Amino acid sequence: AGSGKTWLDAVGEVRETVDFARYYAEQAAGLAPLALPGPVGERNELRYRGRGVFAAISPWNFGLALFAGPVAAALVAGNAVVAKSAPQTPLVAAQAVDVFRRAGVPPQVLSHLADPDNTIGPRLVADARVDGVVFTGSSETARAINRTLAARDGPIAPLVAETAGLNALVADESALPEQLVADAIRSAFVSAGQRCSNARLLCLPAQTAPDVLPMLAGAVAQLRVGDPANLDVDCGPLVDLAAKKAVQAHVADLLRHPAVDLLAAAPPPPDDLPHDTFFPPVVLSIPSLDLLPRKECFGPVLHVLTYDAAAQRGGLPDLIAALNALGYGLTMGLHSRLDTAHALVAHLAAVGNLYVNRDTVAAVVESQPFGGTRLSGTGP
């Protein structure tokens, strides 16, 4: 509720939280002492120990699942946890802590720090009593945490981070237009584009784009923006006014370029709703990746790039290389009916998760381990 999710998104997040709890509880069984082989008369045993106190710093866009999941992981590994919630979602985090308490986790082992002014994080990370940090958020904040930990005296504290992504959904000429459009809409606009796994870029062959783009525009025009408490709403508000201003500035800056076009826009929310934090989804065409800002636009904005799928140079392999050169490595989607294309992109794409012929969001716990590499996270 704290981040304005639709009912469908909220139910999905609750399910993910339950999956995390069950998964990490099952993983705890693998932390029992393990006898190892050795010479006759020698006993070898592997034992795991907790590191001590972990700081778990969670984002607002998954204020329940990405708050409770890291807490559960650290607890089952034998650590105490100081959990800092995002300024926008302290009440959701407090409810999660209450569930942990009722499950038997004592207050001495799990502490919750609400942070309304977003000032606690740097002091928490700098505290020598913190033995490790698990973080989900921006690449810039992850770098700051890494520098703080490296500058501390004493034992080296690990950082497990999952950060931003400039995620692309790539299609070749064999992609089914109807399936591609449906998955592009969900990939780009679910949760009002406020997931790290949302697709920010749709790459279409120039040969099929004239067929796909009218379908995409028509689908965007059917999206319902409004009160997320209503079951028929597809897209709710952005998390706060600052988030809306950032998305507005991103779109305005791109539209100043003569080669950028507005391809589609969803209808505005009903007049009886305050429009302070609503931003209807939009689709923009860009002529080159050079125009795509290297900092992720965290909102319902999909950029469309066309490429010549038949060219000797500039075809699918060169496109994947150009996407890799952006520096991020969280998710990528591929729509193709060709096994050769699946194998090629799986080999070339430098991402944590590659999704073939589906959307790029909602990784399933245990089935699809989630985490990026390079600018998108530490990758363990």
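Look up: the structure comes first, before these words.
Sequence positions are assigned chain by chain, starting from 1 and proceeding in written order. Thresholds applied to this predicted model are a pLDDT of at least 70 for local features of residues and 80 or more for the giving and counting of side-chain atom pairs; totals over whole chains, interfaces and linings are not thresholded and use all residues. The basis for every side-chain value is the complete set of heavy atoms in the structure, and neither hydrogens nor water enter the calculation.

Undergrad: What exactly am I supposed to notice about the environment of Phe20 here?
TA: Helix numbering and strand numbering both begin at the N terminus, where a helix is a DSSP run of H or I of at least 4 residues and a strand a DSSP run of E of at least 2. By the element assignment, Phe20 lies in helix 1 (residues 7-28). Taking the C-alpha atoms as reference points, Phe20 and Phe370, separated by 350 residues in sequence, lie 12 Å from one another. In what follows, a contact means two residues having at least one pair of non-hydrogen atoms within 4.5 Å. With sequence-adjacent residues up to four places away left out, Phe20 is seen in contact with Ala65, Leu66, Gly69 and Val365.

Undergrad: How should the environment of Gly372 be read in this particular structure?
TA: Along the chain, the position of Gly372 falls in the segment after strand 14 (353-356). By relative accessible area, which is 1% here, Gly372 ends up buried. When the C-alpha positions of Gly372 and Ala164 are compared, they lie 8.5 Å apart, and in sequence the two are 208 residues distant. Classification of residues uses two cut-offs on accessible area relative to the type maximum, computed with a 1.4 Å probe and protein chains only: under 20% is buried, over 50% is exposed, and between them is partly exposed.

Undergrad: Quick question: what am I supposed to make of unusual backbone geometry here?
TA: Only a minority of non-glycine residues have a phi that is not negative, and only a minority of peptide bonds are not trans. With phi around 55 degrees, Asn118 is a residue other than glycine that occupies positive phi space. Position of Asn118 relative to the elements: it lies in the loop between strand 5 (110-113) and helix 4 (120-126). For Ala362, which is not glycine, the phi torsion reads 65 degrees and is therefore positive. Tracing the backbone through its elements, the reader meets Ala362 in the segment after strand 14. Residue Ala362 is classed as partly exposed on the basis of its relative accessible area, which comes to 36%.

Undergrad: For this particular structure, what's the right way to read helix 5 (residues 139-151)?
TA: Because an α-helix packs 3.6 residues into every turn, residues spaced three or four apart end up facing the same way. Between its first and last C-alpha, helix 5 extends 18 Å over 13 residues, near the 18 Å set by a 1.5 Å rise per residue. Regarding helix 5, the residues found buried are Ser139, Ala142, Ile145 and Leu149. Along helix 5, the residues classed as buried sweep out an arc of 120 degrees about the axis, all on the same side. Looking at helix 5, the residues exposed on the side facing more than 90 degrees away from the buried face are Arg147 and Ala151. Expected helix span is computed as 1.5 Å times (number of residues minus one). Within this analysis, the arc is defined by the directions that extend from the helix axis to the C-beta atoms.

Undergrad: Hey, could you run me through the sheet that holds strand 3 (residues 53-57) in this one?
TA: For sheets, the rule is that strands pair by backbone hydrogen bonds, running either parallel or antiparallel. Should DSSP find at least two bridges between two strands, the strands are regarded as paired. Here five strands make up an open sheet; going across it, the order is 5-4-3-6-7 and the pairing parallel. At either end of the open sheet lies a strand with only one pairing partner, and these are strand 5 and strand 7 (159-162). Strand-to-strand twist across the sheet, computed as the mean angle between neighbouring axes with direction ignored, equals 15 degrees. The pairing of strand 4 (residues 80-84) with strand 5 spans four bridges and is classified as parallel. Axis lines are fitted to C-alpha atoms, over the contacting stretch for helices. Their N-to-C directions set the angle, which ranges from 0 to 180 degrees.

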